[in-house]
Amino acid sequence: MDKKIIVITGASGTGKTTISKYLKDTYHIPSVITHTTRLPREGEKNGVDYYFETKNSFLKNHYLEKVEYSGNWYGSSEESLKKTWEKFDAASIVVDTAGAISYKKKYGKNAVVIFLEVDFETVTDRLKQRGDETKRLLSRINSDEFKRDLQIPRELVGKCYKISNKNLENTKENVNKVLKLEKIK
Ligand SMILES: Nc1ncnc2c1ncn2[C@@H]1O[C@H](COP(=O)(O)OP(=O)(O)OP(=O)(O)O)[C@@H](O)[C@H]1O
Ligand SMILES: Nc1nc2c(ncn2[C@@H]2O[C@H](COP(=O)(O)O)[C@@H](O)[C@H]2O)c(=O)[nH]1
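This is a predicted model, so every value here is computed, not measured. (Residues numbered from 1 in each chain as written. Chains lettered and ligands numbered in written order. Predicted model: local features only at pLDDT ≥ 70, side-chain atom pairs only at ≥ 80, totals over all residues.)

## Section: the site of ligand 2
Surveying the vicinity of ligand 2 reveals 16 residues, the closest of which are T34, Y74, S76, V95 and G99. When the residues that make up the shell around ligand 2 are grouped by side-chain class, the tally is six nonpolar, six polar and four charged. (Near = placed C-beta within 6 Å. Nonpolar A, V, L, I, M, F, W, Y, C, P; charged D, E, K, R; others polar.)

Structural data, given as structure tokens:
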């Protein structure tokens, strides 16, 4: 079987991490952990949610792609994906749309891109409820990256699955359908 990377993308707060956890809990599809210079949120653990880096340590790693998002750096390594593929046929990764474009370009049909769509008001409410600190939340929802990621970028039009994440149960059903169509599960 071809190795697959399920690339979960969309604006901050659209539910990407929630869906990657669903894939892990329900289908045992592991998530590739990425690196960030952002400080951990309450409850986040190094090596589980992210590899938390300083600006200096971030620069020492080699990345397949890296981005600046709302004032912090994020990057993912090819080595982590290859290590995961040694043990599993499919893995997931949570990235912004710039990252999703990079994965699609590099892995073609082996990159199954899921774009999660939620309207601006709902996503803002969800970020508040998640406990994001007000100053950071405002700076994030006003960032160019956040606004950009509310829509599918032209590079991914016709090359990704768009799923509305209004209702989580419906979203999971739609994700199940993608896994079947792509012969992942
Ligand atoms: N369908 C849904 N209905 C209501 N709440 C949801 C739904 N999906 C996710 N959430 C909640 O919305 C919040 C944001 O979800 P999540 O952290 O998964 O988003 P994200 O896209 O990974 O965000 P970020 O890019 O900022 O890391 C979480 O508190 C999550 O529990
Ligand atoms: N292109 C990449 N985007 C990444 C990576 N790791 C996370 N992300 C995305 O950044 C924003 C902000 O994340 P947050 O955890 O601070 O809310 C979000 O869209 C993530 O999906 C990465 O390695 N590359």
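## Some words on the confidence of the model for the protein chain
Of all residues in the protein chain, 99% have pLDDT values of 70 or greater, and the mean over the chain is 97. The ipTM for the predicted assembly is 0.99, set against a pTM of 0.98. (pLDDT = per-residue confidence, 0-100.)

## Notes on the packing of helix α1 (residues 16–27) against helix α8 (residues 168–181)
For the pair α1 and α8, the least separation of the axes is 11 Å and the interaxial angle reads 65°. The crossing of α1 and α8 is right-handed. Judged by residue contacts, I19, Y22 and Y27 of α1 engage T171, K172, V175 and L179 from α8. Looking at side-chain class alone, the contact of α1 with α8 contains five nonpolar, one polar and one charged residues. (Axes fitted to C-alpha atoms, helices over the stretch in contact; angles between N-to-C directions. Helix = DSSP H or I, 4+ residues; strand = E, 2+ residues; numbered from the N terminus. Left-handed = near helix turned anticlockwise from the far one by under 90°. Contact = placed C-beta atoms within 7 Å.)

## Quick word on the sheet that holds strand β3 (residues 51–52)
Taken in spatial order, the four strands line up as β3-β2-β5-β4 in an open sheet, and their pairing is mixed. For this open sheet the edge positions go to β3 and β4 (65–69), each flanked by a neighbour on one side alone. (Pairing = 2+ DSSP bridges.)

## Considerations on the UniProt feature "domain: Guanylate kinase-like" (unreviewed entry) in the protein chain
UniProt records the feature "domain: Guanylate kinase-like" (unreviewed entry) at residues 3–180, using the numbering of this structure. Between the end C-alpha atoms of residues 3–180 the distance is 15 Å, and the span holds 43% helix and 20% strand. (UniProt positions renumbered as here; feature names shortened; annotations may be inferred.)

## Comments concerning α1
Between the first and last C-alpha of α1 there are 16 Å, a value that for 12 residues agrees with the 16 Å anticipated at 1.5 Å per step. Taken together, the buried positions of α1 are occupied by K16, I19, S20 and L23. All buried residues of α1 fall inside an arc of 100° around its axis, so they share one side. In the core, the buried residues of α1 are packed alongside β1 (4–9), β6 (90–94), β7 (111–117) and α8. Just past α1, the residue H28 takes up positive phi, approximately 60°. (Expected span 1.5 Å × (residues − 1). Buried ≥ 20, exposed ≤ 12 C-beta atoms within 10 Å, placed from the backbone. Arc of directions from axis to C-beta.)

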